[in-house]
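An overview of the molecular structure
Residue strings, one per chain:
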Amino acid sequence: NTSLSNVAVEKGIHNRRFSYLGKRTLVQKEHSVEGYKADLYIPQTKTIVEIKSVFSEKDEAVFPTVFSERTQNQLKSIQEMLDKGYNVAFIIVSLNPYIKKLTIDKSTEFYSELTRCIEKGMEIRAYTSHLKDYEIEIKKQELPKYDTVTITDCLPISEIAKALSFSTPRKNKSTEKTSVLMKC
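These lines cover the structure that appears in this document, whether it is placed above or below. Residue positions are given per chain, counted from 1 along the sequence in the order it is written. It should be noted that, the model being predicted, local features are given only for residues of pLDDT at least 70 and side-chain atom pairs only at 80 or more, the latter also being counted only at that level, while totals for whole chains, interfaces and linings use all residues. Think of the side-chain values as coming from all heavy atoms in the structure, minus any hydrogens and water.

Buried Ala, Val, Leu, Ile, Met, Phe, Trp, Tyr and Cys residues form a nonpolar core when they are joined through side-chain atoms within 4.5 Å. Any residue under 20% of the maximum accessible area for its type is buried, any over 50% is exposed, and the rest in between are partly exposed; the area is computed with a 1.4 Å probe on protein chains only. Residues Ile48, Ile78, Phe90, Ile92, Leu114 and Met122 are the most contacted members of the largest nonpolar core, which totals 27 residues. Secondary structure elements are taken from DSSP: a helix is a run of H or I of four residues or more, a strand is a run of E of two residues or more, and numbering for both begins at the N terminus. For this core, the elements supplying multiple residues, two or more each, are strand 2 (36-42), strand 3 (47-54), strand 4 (60-63), helix 2 (69-83), strand 5 (87-94), strand 6 (101-105), helix 3 (109-119) and strand 7 (123-132). The greatest single-element share of this core, amounting to five residues, is contributed by helix 3. If you look at the next biggest cluster of nonpolar residues, it comprises 15 residues, including Ala8, Val9, Phe18 and Val93.

Next up on the list: the side chain of glutamate 50. Relative to the helices and strands, glutamate 50 resides in strand 3. One polar contact links glutamate 50 to glutamine 74, side chain to side chain, over a distance of 3.2 Å. Whenever two N or O atoms come within 3.5 Å, that pair is a polar contact, provided that in protein one can donate a hydrogen and the other can accept it, and provided that, for residues adjacent in sequence, both atoms are side-chain atoms.

Below, the discussion takes up the packing of aromatic side chains. Whether two aromatic rings pair depends on their centres lying within 6.5 Å, for rings of Phe, Tyr and Trp, where Trp uses its six-membered ring; planes under 30 degrees apart make the pair stacked, over 60 edge-to-face, and the rest tilted. All chains considered together, the criterion is met by five aromatic pairs. Relative to phenylalanine 110, the ring of phenylalanine 90 has its centre 6.2 Å away and its plane inclined at 45 degrees; by these criteria the two rings are tilted. Of this pair, phenylalanine 90 sits in strand 5 while phenylalanine 110 sits in helix 3, placing them 20 residues apart in sequence. One exposure class covers both phenylalanine 90 and phenylalanine 110, and it is buried. Stacked on the ring of tyrosine 86, the Lys or Arg lysine 46 has its end atom at 4.5 Å from the ring centre. The ring of tyrosine 20 carries arginine 125 above its face, with NZ or CZ at 3.7 Å from the centroid. Counting as a charge over the ring demands two things of the Lys NZ or Arg CZ atom: a distance within 6 Å of the ring centre and an angle within 35 degrees of the ring normal.

The next subject is the environment of glutamate 30. Structurally, glutamate 30 is set in strand 1 (residues 28-33). Taking relative accessible area as the criterion, glutamate 30 reaches 53% and is therefore assigned exposed. A C-alpha to C-alpha distance of 9.7 Å links glutamate 30 and asparagine 6, two positions 24 residues apart in sequence. When checking whether two residues touch, look at their non-hydrogen atoms; a contact exists if any pair is within 4.5 Å. Not counting chain neighbours up to four residues away, the residues in contact with glutamate 30 comprise Lys37, Ala38 and Asp39.

What follows is the structure in structure tokens.
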């Protein structure tokens, strides 16, 4: 159930993780903000939190795994929310605790819309999760470094945007991709 990622992120926010989100004593689930339905909303900082899940049985995952018109529309709406002064955190959660690398497919419209959002100030982070006491929890360990872009808790958004926009892509026979390493 991919909604478990939402629960894990919300719990992590209440447990003092995700400090980059600023003050966050009140977190609203599935809250409508000017017509946009946010997975989570933090009113103190006007922060919309959008959470996506990814699953792969391997130690690498590609995101997105399938085309989603809903996600495309969300990213377009997120651009509008950023223009209105809202903060947006886009969090990708791996449901496999052993994922070491997440690749964002540059050949997709998702990548184009994601890049536009990042250029407007959206934060993007990626985490792995694990099962603890019968609940999914966001892991906090750092993964080994690769010769790819690393998304960490302290990497400035400008560096992520620069890396996603201008990094040398890895070639694949059928598609061009940018690799993003997750920190958990």
